[in-house]
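Observations on the model geometry
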Amino acid sequence: MRNKGDTIAAIATPPGEGGIAIVRLSGEKAPGILKRMFAPKNPGAQFTHGQMHYGTILDAHGQRLDEAMAVCFYAPRSYTREDVCEIHTHGGVMSRLALEAAVELGARPADRGEFTYRAFLNGRLSLSRAEAVMGIIGAAGEESARRSARQLHFGASAGIGKCRSRLKEMVALIDAAADFPDEIDESVTAQRVKSEAGEILKELKRLCDRRYARMMSDGAQVVIAGRPNVGKSSLMNALLSFERSIVSDIPGTTRDAVSESVTLDGLRLTLTDTAGLRKSDDQIERLGVEITQKRLDGADVVILLLDAEKGVTQQDRALIEGADERYIIAYNKLDLKDAPDDRYPAVSAKTGEGIEALLQLVRKKLSLDEDDEKLLSLRHIDCAGRAIEALKNIINAPEGTYLDLMLTDAMSALEALGEIDGLNVSQSVIDQIFESFCVGK
Ligand SMILES: Nc1nc2c(ncn2[C@@H]2O[C@H](COP(=O)(O)OP(=O)(O)OP(=O)(O)O)[C@@H](O)[C@H]2O)c(=O)[nH]1
Ligand SMILES: [Mg+2]
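These remarks concern the structure in this document. Because the structure is predicted, anything quoted here is derived from the model rather than measured.

Cut-offs used in this document
Residues numbered from 1 in each chain as written. Chains lettered and ligands numbered in written order. Predicted model: local features only at pLDDT ≥ 70, side-chain atom pairs only at ≥ 80, totals over all residues. Heavy atoms only, no water. Axes fitted to C-alpha atoms, helices over the stretch in contact; angles between N-to-C directions. Helix = DSSP H or I, 4+ residues; strand = E, 2+ residues; numbered from the N terminus. Parallel < 35°, antiparallel > 145°, perpendicular 65-115°, else oblique. Contact = heavy atoms within 4.5 Å. Nonpolar A, V, L, I, M, F, W, Y, C, P; charged D, E, K, R; others polar. Patch = residues over 30% accessible without salt bridge, like charges linked within 9 Å, V, L, I, M, F, W, Y side chains within 5 Å. Areas by Shrake-Rupley, 256 points an atom, 1.4 Å probe, with all protein chains shown as cover. Salt bridge = Lys/Arg side-chain N within 4 Å of Asp/Glu carboxyl O. Buried < 20%, exposed > 50% of the residue type's maximum accessible area, 1.4 Å probe, protein only. Donors = N, O, S within 2.8 Å, 3.2 Å for Na, K, Ca; no water. Near = heavy atom within 4 Å. Polar contact = N/O pair within 3.5 Å; in protein donor to acceptor, adjacent residues only side chain to side chain. Core = buried A, V, L, I, M, F, W, Y, C linked by side-chain atoms within 4.5 Å.

1. Describing the packing of helix α9 (residues 232–240) against helix α12 (residues 355–365)
- Running from amino to carboxyl end, α9 crosses α12 at an angle of 90°, the nearest separation of the two axes being 11 Å. Overall, the two elements α9 and α12 adopt an arrangement that is roughly perpendicular. Each of Leu235, Ala238 and Leu239 in α9 lies in contact with α12, whose residues at this interface are Ile355, Leu358 and Leu359.
- Taken together, the residues of the contact of α9 with α12 break down into six nonpolar, no polar and no charged.

Take a look at the structure:
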């Protein structure tokens, strides 16, 4: 990030046409620049904190550009804790002209995430809260937006906060044993430290769920598989409520993976219809089956479809044997024939019967329980992972290990967890985080 003494400016709204676009300035010179490029209708307007004014935007040479609204938020009561001014112009070209005027009058175009970076530097947001801002903006569906908003409000995770407190108590315990060697038995303390390390480690493991974090940021992968002609493409279309995949009664119709996004109870899913699984002499179909296999490996949930009319064939049995806990096995074509047994749920892609219940099973498999403490960001999971390694050293320390060594590991664990909120994080890590932001945030 460049000089933090500069006054920065950017368009904070998405590019393109829109009713309104917001040009935002932050820094010492912001109110002065605003006064030169915005003429309020009421010439005596004082630009009091948070009060919106109607007026005209002018370019750097005082030429009238457009009607607009403008507002000032004075330090420290602003997003960045600096003086912030916003000009609400019409969307499209006009916002760009207003930004150019601000730059000509002395503002510098903001880098990616620079407003939020300043909020972080000025102590308004911890690093994990700043990351939550990004999580909200780029959320894959309502569910992850809601959870990122909670992270913005409460910090990365209440669970991490508790682990940090427990680690601090552990450090105090070791310190006390070192200070009063005659009164406190070192081996008893070592045992207590080990058992506490075990408890904290268990809690951290619960909070670190990479699959959950990935699903929150990218959405979940749901793959429909089965042998040819069982109705995979028909099910795909039924789940999407439109004809995305080609359906025909010729086995081997789908030869490539066909994906589409849907939202299920606020969570974004990528649904993938695949080529039917069978041995084939056709080279293209064989390639299709290879692709299916890859998609199956990366799936969060697999719907393995069987044909109720044909019953479970030898080929189905092989597929069922390969199923793991991610699989939902279901009969299709319930309208033609009742399911041969009640081991698996049954649907009809044709009539829609059972589809709602199938979706609920998918939801259950994704196990988005109400555990709000789980970490959302892979960076946070990496930090917690380093704490876990340090705790393992304590737990596995041989009998008679000096408490000093345990202290070093406890301190490393504490430091690793502190990095989640930005304590002792290197500048390059911070830069990397804010560079993933968009300009104007
Ligand atoms: N009656 C009935 N027919 C269905 C149902 N689902 C699919 N079919 C029919 O079964 C045939 C195969 O359907 P597809 O959806 O193309 O099957 P698929 O599994 O995608 O087949 P491949 O792409 O070849 O692997 C078509 O003639 C569909 O109309 C259903 O629920 N009921
Ligand atoms: Mg198909």
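Next, the rest of the story.
2. Observations concerning a nonpolar patch on the surface
- On the surface, a nonpolar cluster with roughly 250 Å² of combined accessible area is contributed by Met52, Tyr54 and Met69.
- As for its position among the elements, Met69 is in strand β5 (residues 64–73).
- Classification of Met69 by relative accessible area gives partly exposed; the value is 30%.

3. Examining the pattern of salt bridges
- As enumerated under the stated definition, the model contains 26 salt bridges in all.
- Between Arg118 and Glu82 there is a salt bridge whose closest N-O contact spans 3.0 Å. Pair noted here: Arg118 is in helix α3 (residues 114–121) and Glu82 is in the loop between β5 and β6 (84–90), with a separation of 36 residues, a long-range link.
- For Arg118, a relative accessible area of 2% puts it in the buried group.
- Take Glu82: its relative accessible area is 14%, and that puts it in the buried class.

4. Side note on the coordination of the magnesium ion (ligand 2)
- With distances of 2.0 Å, the protein atoms coordinating the magnesium ion (ligand 2) are Ser233 (OG) and Thr254 (OG1). Here Ser233, found in helix α9, pairs with Thr254, found in the loop between α9 and β9 (258–264); they are 21 residues apart in sequence, far enough to count as distant.

5. Structural notes on the site of ligand 1
- By nearness alone, 23 residues border ligand 1, and Lys232, Ser234, Gly252, Thr253 and Thr254 come closest of all.
- In this structure, an oxygen atom belonging to ligand 1 sits 3.4 Å away from a main-chain N or O atom of Gly276.
- Note that a nitrogen atom of ligand 1 is positioned 3.1 Å from one of the side-chain N or O atoms of Asn332.
- When isolated, ligand 1 has an accessible area of 650 Å², and the protein chains bury 89% of it.
- For the shell around ligand 1, the element with the most residues is α9, which contributes three residues.
- Counted by class, the shell around ligand 1 contains seven nonpolar, 11 polar and five charged residues.

6. Description of the nonpolar core
- Among the nonpolar cores identified, the biggest contains 36 residues, and Met170, Leu204, Leu391 and Leu417 are the most heavily contacted of them.
- Contributions of two or more residues to this core are made by α6 (158–179), α7 (186–207), α13 (378–395) and α14 (403–418).
- Core analysis: the next-biggest nonpolar cluster, separate from the first, contains 26 residues, Ile224, Leu271, Val301 and Ile355 among them.

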